[in-house]
Every structure is written in structure tokens, then in C-alpha cells.
Amino acid sequence: MSTATLSYPKPQKPWRPKQRDLIPTYLGILVVFLGTWALVEFTGFAGKLGAFASAVICTTLVSTFLAGRSRGKQAAKNAAVASIITSLALLAMFPVISILGTVLVRGTKGLYVGFFTTDMGLASVNDPLNVGGILHAIIGTFIMIIIATLISVPLGISTAIYLTEIRGPGSRLIRFLVQAMSGVPSIVAGLFIYSAIISGSGRGFNGLWGALALAILMLPTVARTAEEVLLLIAEDLREAGLALGATQWRTVAMVVVPAAKSGLITAMILGIARIAGETAPLLFTTGGGDETNLNPVDGVMGSIPFAIWKALISGSAESNARAWASILVLLALVMILFFSARRLGKARR
Amino acid sequence: MTENVKPSSLASVAAANANRSPGKHALGTGLEARSVHAWFGKNHVLADVSLDFAAGTVTALIGPSGCGKSTFIRTLNRMHEFIPTAAMAGEVLLDGRDIYASGVDVTKIRLKIGMVFQKPNPFPSMTIGENVLSGLKLAQLKQSNKEELMEECLVRAGLWNEVKDRLDAHGGSLSGGQQQRLCIARSLAVNPQVLLMDEPCSALDPGSTLRIEETIRELSETMTVIIVTHNMQQAARISDYTAFFLADGHPGMMIESGPTSEIFSNPKDKRTENYVTGRFG
């Protein structure tokens, strides 16, 4: 046995390339920049997309050449495929980053403190930007998302548990219906609530009807995602619970669902993401008021998507700025919801 | 030691095994580990292991769980680096050249140093025959007489008679022991110099285990075998050399190594003796 008191070497990662080995890579990056510039300057590859395409071509060629030079044909192919896949992934990110950038640039112009503390009750969308705000819409969206979540998350997770745990009669039919339901156009959900509840009954528009329409849209997303998540739980875990003498209910409640918890929270988040920006189902159900209304069962209720729609169709410079600012607020709210749900899911693991 | 039946029987098993002459047709000059250390993040899990694996020998790595045996075996074909927090120090020499040297093509290293895992893992989308030849396909190696090679590998893995009539069936249709022998046949098809086996029999029944042990004995005619095992009977039956690992509150270390018959009959270190006589571990 070697003496344990001897000083040990430092941890190393010999599989990482050394600075010396990276010199060809640095030269390669230089070649990529020069090549991209040359292609854009002297050929038809103009504009942002042209520059991107040139960069992809140059990077693929250079990385393939470098890998092939040092490690042969197999490595060259590997590098070519890796480079193309990475480029396609970046291409997929393009619209996302572009949208976020546009919203940030245009949205910040319409923002001021009062935008969050006042409503449009005494203002018009064409008024100067320091008058009025979307407090009514923020509150309305929050209230309706909360009600829709309270309805569709228990229903959706129960459906998923029926499909994966109880596996009772009609499972296949229910699975098929849930799938079909996720294809329902959002305006149909609004029309359904309108014709079933509002039309001809003497009942007025309010936030609850809007939330019900949103819940119809949210339910299939939650149910399908939750089902996928529960199916990932290993069968031995269920058997382990049952083998300890637990009933199915105790096993599901104490073993299966806790094991799937972070996935179930993801299901809820995806459901909220599905409905947060919906406008169509709210058109026939909420009435889209301009004043702050905290009561979902009495009177018209505004929402951010509705406010965006209303401002956009007005067409003036001020209303456009208001719409972009509202889009920014909506995106920020959705992000906040996502992050807090994620933290909630992690905190109790 | 006389009052304890088990160690003396182990020692006699090892002694009987020692009569065998290892490695007539072995390839290369074997594998050498030079003061290998391994870390996961800040956690030092393996310290200063130096071991020579002569060509054509079978070496068993024994020791209690968590002593770094599996980590060590994974440093020998550079599978260790797949764990993001992993780090290591030291050298592993194959034919006298460090496999961690810069410029070494890691895929070629793994072609020469094959691995059989604890859990049988035949490729689910391939038939039995395709599984055996999958290494050639994955590494895009040229091979003219594929049928012959497939039969040879399955014969050497001791599986041919059981599957020769259903080479087109899926690997998943085999029993656990058959699946593991299929995985061994799969490793043989690319003709590695060294075969690493990480507890290959831990999930198998005694019959399958015996078949695989016979296979390992035959393999050592043409390659160097390094096997992690918790089964000391197995180590005594099949290995030429044995190395005993122990963590004991410190990073895992190699306590003692030597010819298997000596480790089991006349260990130098008290802790080795305690372990091989079943007093702990």
C-alpha cells in the first residue's frame, strides 16, 4: 500500500483539449470569419440569413477539415454532422430570439410606472402614452389563469391517473378524446361557452365564463403531459409500494405522484403557457372591460391579450406602442409564472 | 484458518486454477495503470492505483461496494470522462502508450479496449445476428466473412448452440444470461486487445454465471481480461491475478495485488485476509 500521507496530484481532465492543441481551432475560427465575410461580400449570400448560411457553410467545412486532418475520415464525418445539427438548432432559435428582441425594443417605449397602476377606464388607446395603463388587464389575466388552473389541473391529473394507474374501462376512448380535444380551435371553446351559458340566458359577460373557456383549452394539455410523466415512473416503484401492503390509492398518493411531481408541475406550466396568450375564447365570454374588476362573477373583465388586440386594431402610433408594451408585460408575466412554478417544484424535492 | 472451511476451499480453488498456463496467443503487451487517481467533483474516490495487466491474463478486482473498482475500470477505456464532474490523474498505458495523451483518438482506444456492462444491454432494435456484428457497423469496419465471424463470436461466447436457429430473433427475446453472453459476443466481434467486465454476472443465475466463467477462461487465450466481481468464488475460479480495493473512510485504494492463489491463501495485508475470509465486506 502506498503511504496515504504523500501529497496527491491535482484533479485533471486530460480529455479536454490543451491550449497547444487548440491552435488549429483558433486558426479555424479565423478562417470561418474570413470565409463568411468573403462569401457575404463577393457572392449572393447577402442579408442576415445569407450571413448565417455562409457562417454555417464555413464552420462545417473548417471543422470537418480539422477533424479529418488529425483523426481521419470517421472523425471528419462526425464533425460535419455535429456542425450541421448545431446550425439547425441555432436556426430554430432564430425566430424566438428575434421575437424576444423585437418585443423588448418596441415594448419598452410604452412603459411607465402608471402603466401598471392605472387602467383604461378614463383613457383611450389613442391618448398620449403617459395616460392610462393595463392594471385591469393584468388583474383579469391573473384571475382567469388562476380559475382555469384550479379547474383543469385537478381534472387533468385525475384523468392522467385514471389512464395510467386505474386503467379502467374506456381508457382508450378517453385517451382518444383527450387527444382530439387538444386539436379544438380556441375560438370554438369560446363559442361553446357562449352558446351553452351566455346566449339567450340573460347572463352577462364575466371573467368566470372566460376562465371556463380557457379551462377547456388547458385541460387536454395538462392531461396528456401528466399521462406521459406518470408513464415514465418505473413499474417496480408501484410494485414496491403494493408489496408493502399499501392500497392502490396510498401507493399512487405517496409513491407515484410524489415521484412524478416535477413532471406534473411541468404539465401545469405547459397548460398555463397554452392559455396565457389566448384571445379568441375571451372575445365572446369576458366582454373585455377597460376598468379594473376584481369580481370574476359580475361584470366584464379585461385581459392582457384582449388589451393587445384592442390597441392593435386601433392603428394609431400611441395604440401600437401600448400594444407592444402589453405584449412585453404578458411575456414577463408568463416567465415569472414559469420560474416560480419551477422553484416550487424544486423546493420540496 | 483451519477452523474456517470457506477460505481454505477458496484457496484450493485458486490453487487449482493457477495450474493453467495463461496467454499463448495474446495480442499486444497488455495494459498498465500508473498511479491513477479519480475524482467526482471535489470527492476523491480513487487514489494512486498502479497495476500491470499482462497480456493474456485474467485479473479480478475485488472489494466492498463503493471502493472505486468500477470507477477504476472505467478509467481504463476512458468511459470515466462521460460523467460531467469527473476528473482523473495518472496514466493508462496500452502497448506502452498513454491513452490519455493529447492527440489520442478516443474511439480507437475503445475499439481496442472493449467493455461488458453489469446489466445486459443488447441493442433493442437489432436482431441477435445484427447485435453480434453491430460493433463492425458502428465503427464502420470492413469485414468480408461476416457469417463466419458471427458464428465464431457466438461460439466463443458459449451462445451459438442456443441461438443458431434464431439469429433473426430480437436480442430482447433471450434470457438474462443469454443476453449477457450476446453482449460478450458483441464485444468480441471487433477483436479487442483488452476486455473490461464490470460485474458481468451480478444479475445472472448460477448456470449462466458458470457459462460466462468458462467463456472468460477461453477468452484469455487471445485477450487480456479485467473483471470486477463481488463474488470471491468467481475471482478464485477464473482469475490469474487479483487486486483488492478498499475505501475505508479515505479515497478508494488498492490494498494488495498478486497472483490469485496467493491473495486467497497467503494475503500479506490483514485487511485483505479479513475480506477474503469473509470477516467483513
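Enquirer: What exactly am I supposed to notice about the domain arrangement of chain A here?
Expert: By a frequent convention, interface size equals the accessible area lost on bringing the separate parts together. Residues and elements named next belong to chain A. Domain assignment breaks chain A into domain 1 (20–108) and domain 2 (116–347). For domain 1 versus domain 2, the separation of C-alpha centres amounts to 39 Å. The interface of domain 1 with domain 2 comprises 7 residues on the first partner and 5 residues on the second. Approximately 570 Å² of surface area, both sides summed, lies buried where domain 1 meets domain 2, with 85% of it carried by carbon and sulfur atoms. Interface area lost by domain 1 to domain 2 is led by Val103, Arg106 and Gly107, which between them contribute 70%. In this assembly, domain 1 and domain 2 are joined by 0 salt bridges. Along the contact surface separating domain 1 from domain 2 lie 0 residue pairs in polar contact (both at pLDDT 80 or more). A class-by-class count of the residues in the side of domain 1 that touches domain 2 yields 3 nonpolar, 3 polar and 1 charged.

Enquirer: Explanation requested: the interface of chain B and chain A in the structure shown.
Expert: Listed by partner, the interface residues are 23 residues for chain B and 17 residues for chain A. When the two sides are added together, the surface that chain B and chain A hide from each other amounts to roughly 1700 Å², 56% of it contributed by carbon and sulfur. Its largest share of buried area at the contact with chain A, chain B owes to B:Ser102, B:Gln140 and B:Met253, together 23% of the area lost on that side. Connecting chain B to chain A are 0 salt bridges. Secondary-structure elements contributing two or more residues to the side of chain B that touches chain A are strand 1 (31–40), strand 2 (43–53), strand 4 (86–94) and strand 10 (253–259) of chain B. At 4 residues, the largest contribution of residues to the side of chain B that touches chain A is made by strand 4 of chain B. In the side of chain B that touches chain A, the residues fall into 11 nonpolar, 6 polar and 6 charged.

Enquirer: I tried to follow the packing of aromatic side chains on my own but got confused; where do I start?
Expert: Here the distance between the centres and the angle between the planes together describe a pair of aromatic rings. For the coordinates displayed, the defined rule picks out 9 aromatic pairs over all chains. Where A:Tyr194 meets A:Phe284, the ring centres are 6.2 Å apart and the plane angle is 50 degrees; that geometry is what we call tilted. Pair noted here: A:Tyr194 is in helix 6 (residues 186–198) and A:Phe284 is in the loop between helix 11 (280–283) and helix 12 (304–312), with a separation of 90 residues, a long-range link. The class for A:Tyr194 is partly exposed, based on a relative accessible area of 30%. A:Phe284 sits in the partly exposed class, given a relative accessible area of 27%. Taken together, B:Phe53, B:Phe72 and B:Phe245 form an aromatic cluster joined through their ring pairs.

Enquirer: I would appreciate a short explanation of unusual backbone geometry in the present structure.
Expert: Comment: phi is negative for the bulk of residues other than glycine, and the bulk of peptide bonds are trans. Residues and elements named next belong to chain B. The backbone of Asp48 sits at a positive phi, close to 50 degrees, despite the residue not being glycine. The residue Asp48 is located in strand 2 in this model. Using a relative accessible area of 26% as the deciding quantity, one classes Asp48 as partly exposed. Backbone geometry places Arg78, a non-glycine residue, at a positive phi of 60 degrees. Among the structural elements, Arg78 can be located in the loop between helix 2 (69–75) and strand 4. Given a relative accessible area of 5%, Arg78 falls into the buried group.

Enquirer: Sorry, what's going on with the pattern of salt bridges here?
Expert: Two side chains carrying opposite charge are able to pair once their charged atoms lie near each other. Residues and elements named next belong to chain B. Summed over the entire model, instances satisfying the criterion amount to 18 salt bridges over all chains. For Arg181, the salt bridge identified is with Glu162, shortest N-O distance 2.9 Å. In this pair, Arg181 sits in helix 7 (residues 176–188) while Glu162 sits in helix 6 (residues 160–163), placing the two residues 19 residues apart along the sequence. Arg181 gets classed as buried once you look at its relative accessible area, which sits at 4%. Since its relative accessible area comes to 29%, Glu162 is described here as partly exposed. Across the salt bridge formed by Glu214 and Arg211, the nearest N and O atoms sit 3.9 Å from each other.

Enquirer: How do you make sense of the state of the cysteines when you look at a structure like this?
Expert: Covalent bonding between the sulfur atoms of two cysteines defines a disulfide. All names here are of chain B. Applying the stated criterion across every chain, the model contains 0 disulfides over all chains. With no disulfide of its own, Cys183 lies closest to Cys201 among cysteine sulfurs, the gap being 12 Å. For Cys183, a relative accessible area of 3% corresponds to the buried category.

Enquirer: I would appreciate a short explanation of the nonpolar core in the present structure.
Expert: A general feature of soluble globular proteins is that nonpolar side chains tend to end up buried together. B:Leu154, B:Ile184, B:Met197, B:Ile216 and B:Phe264 are the most contacted members of the largest nonpolar core, which has 47 residues in total. Look past the residues within four positions of B:Ile216 in its chain and what remains in contact with it is B:Val58, B:Met197, B:Val225, B:Ile227 and B:Ile238. A:Ala137, A:Phe306, A:Ala325 and A:Leu330 belong to the second largest nonpolar core, which has 45 residues in total.

Cut-offs used in this document
- Residues numbered from 1 in each chain as written.
- Chains lettered and ligands numbered in written order.
- Predicted model: local features only at pLDDT ≥ 70, side-chain atom pairs only at ≥ 80, totals over all residues.
- Heavy atoms only, no water.
- Domains from an automatic or database assignment.
- Contact = heavy atoms within 4.5 Å.
- Buried area = accessible area lost by both parts, 1.4 Å probe.
- Salt bridge = Lys/Arg side-chain N within 4 Å of Asp/Glu carboxyl O.
- Polar contact = N/O pair within 3.5 Å; in protein donor to acceptor, adjacent residues only side chain to side chain.
- Nonpolar A, V, L, I, M, F, W, Y, C, P; charged D, E, K, R; others polar.
- Helix = DSSP H or I, 4+ residues; strand = E, 2+ residues; numbered from the N terminus.
- Phe/Tyr/Trp six-rings, centres within 6.5 Å; stacked < 30°, edge-to-face > 60°.
- Buried < 20%, exposed > 50% of the residue type's maximum accessible area, 1.4 Å probe, protein only.
- Disulfide = S-S within 2.5 Å.
- Core = buried A, V, L, I, M, F, W, Y, C linked by side-chain atoms within 4.5 Å.

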